[in-house]
Structures are given as structure tokens and as C-alpha cells.
Amino acid sequence: MAAKRAAVEPAGLTVPQYATLFVLAENAGISGAALARACNVTPQAMAVVLRNLTERGLVERAPHPWHGNVLETRLTEQGRAALHLADERATAIERAMAEDLTPDERAQLRTLLARCTSAIRRAAEEQAAEAQQ
């Protein structure tokens, strides 16, 4: 994460801002709530990220044409440029990491990470269930 943070810094972004722009590039018009889910953060955390990105002119928000209380979020040209720079640098970090592994090691890593994700999800669901009791 430190390497990724350093990679996106020249674009003037934090890792959460980079992730937000990355999701927005593929999902123009997405709502803040949906964006929060896609980035695995709370709606409150996403509101802070979006406010900062909007103030910097990297995203724009406008009411949905049919659902006035829903704000659609889109990248601006400036946001697209920042994403492009950050993505080039972040991708280079990811590529360097992947190139240091054999194809079998990459497959094994994906399997292990999937198992970790499942274990974390199960533990979180169990804690949530316990909290409701």
C-alpha cells in the first residue's frame, strides 16, 4: 500500500481517491452509495472523498434526471487526466509484483487471497450475527 500511495501521489491523489476515480471511469453516473459499495467504504467516508474530489474539479455531481434526490457522479476531463497518470504508475507497481512470481505462484496467490477474503467475510458475518443477539 505504501508503494501504491507513492505511485498515485504525483497525480495529487490518495489511494482511496484513486480507487474512486477508477470505479467512476467504468461507471459514469453512479450514485455515491453505489460508489461506496464498489470501493468497500462507508457512505460517510465516500462522501468525504467525493467532496474533496469535487472541490478539486476532478468529479462533478448532478441530480439524476428522474430521481432528484440521487446525485450522479462523473469524472471531469481533469479527473480523467489525474486517473490516467495515477493508473499508469499504480499499474507499473502491480506489474512489477506480478512479474516477480511464476504463473503457478500467481495462481496460488489468487487462491490464497480468495480464501482469506472468504474467511474475513465469514468472521465479519459471525460478529454481526452475534451483535444482533
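This text gives an overview of the structure that appears in the document. All of these numbers come straight from a predicted model, not from anything done at the bench. (Residues numbered from 1 in each chain as written. Predicted model: local features only at pLDDT ≥ 70, side-chain atom pairs only at ≥ 80, totals over all residues. Heavy atoms only, no water.)

### Remarks on the packing of helix 2 (residues 15-26) against helix 4 (residues 43-55)
At a minimum axis distance of 10 Å, the contact between helix 2 and helix 4 shows a crossing angle of 85°. On the basis of the axis angle, helix 2 is roughly perpendicular to helix 4. Contact with helix 2, carried on its side by Pro-16, Gln-17, Thr-20 and Leu-21, involves Met-46, Val-49, Leu-50, Asn-52 and Leu-53 of helix 4 and no other residues of that element. Its residues assigned to classes, the contact of helix 2 with helix 4 shows 6 nonpolar, 3 polar and no charged. (Axes fitted to C-alpha atoms, helices over the stretch in contact; angles between N-to-C directions. Helix = DSSP H or I, 4+ residues; strand = E, 2+ residues; numbered from the N terminus. Parallel < 35°, antiparallel > 145°, perpendicular 65-115°, else oblique. Contact = heavy atoms within 4.5 Å. Nonpolar A, V, L, I, M, F, W, Y, C, P; charged D, E, K, R; others polar.)

### Description of the nonpolar core
In this structure, Leu-13 and Leu-35 are the most contacted members of the largest nonpolar core, which totals 24 residues. Among the elements of the structure, helix 2, helix 3 (32-38), helix 4 and helix 5 (77-99) are those that each provide at least two residues to this core. Here the element with the most residues in this core is helix 2; it accounts for 5 residues. Every residue in contact with Leu-35, bar those within four places of it in the chain, is listed here: Thr-20, Val-23, Leu-24, Ile-30, Met-46 and Leu-50. (Core = buried A, V, L, I, M, F, W, Y, C linked by side-chain atoms within 4.5 Å. Buried < 20%, exposed > 50% of the residue type's maximum accessible area, 1.4 Å probe, protein only.)

### Some points on a negative patch on the surface
On the surface, Glu-99, Asp-100, Asp-104 and Glu-105 cluster together to form a negatively charged patch. Among the structural elements, Glu-99 can be located in helix 5. (Patch = residues over 30% accessible without salt bridge, like charges linked within 9 Å, V, L, I, M, F, W, Y side chains within 5 Å. Areas by Shrake-Rupley, 256 points an atom, 1.4 Å probe, with all protein chains shown as cover. Salt bridge = Lys/Arg side-chain N within 4 Å of Asp/Glu carboxyl O. Lys, Arg positive; Asp, Glu negative; His and termini not counted. Charge placed at Lys NZ, Arg CZ, Asp CG, Glu CD.)

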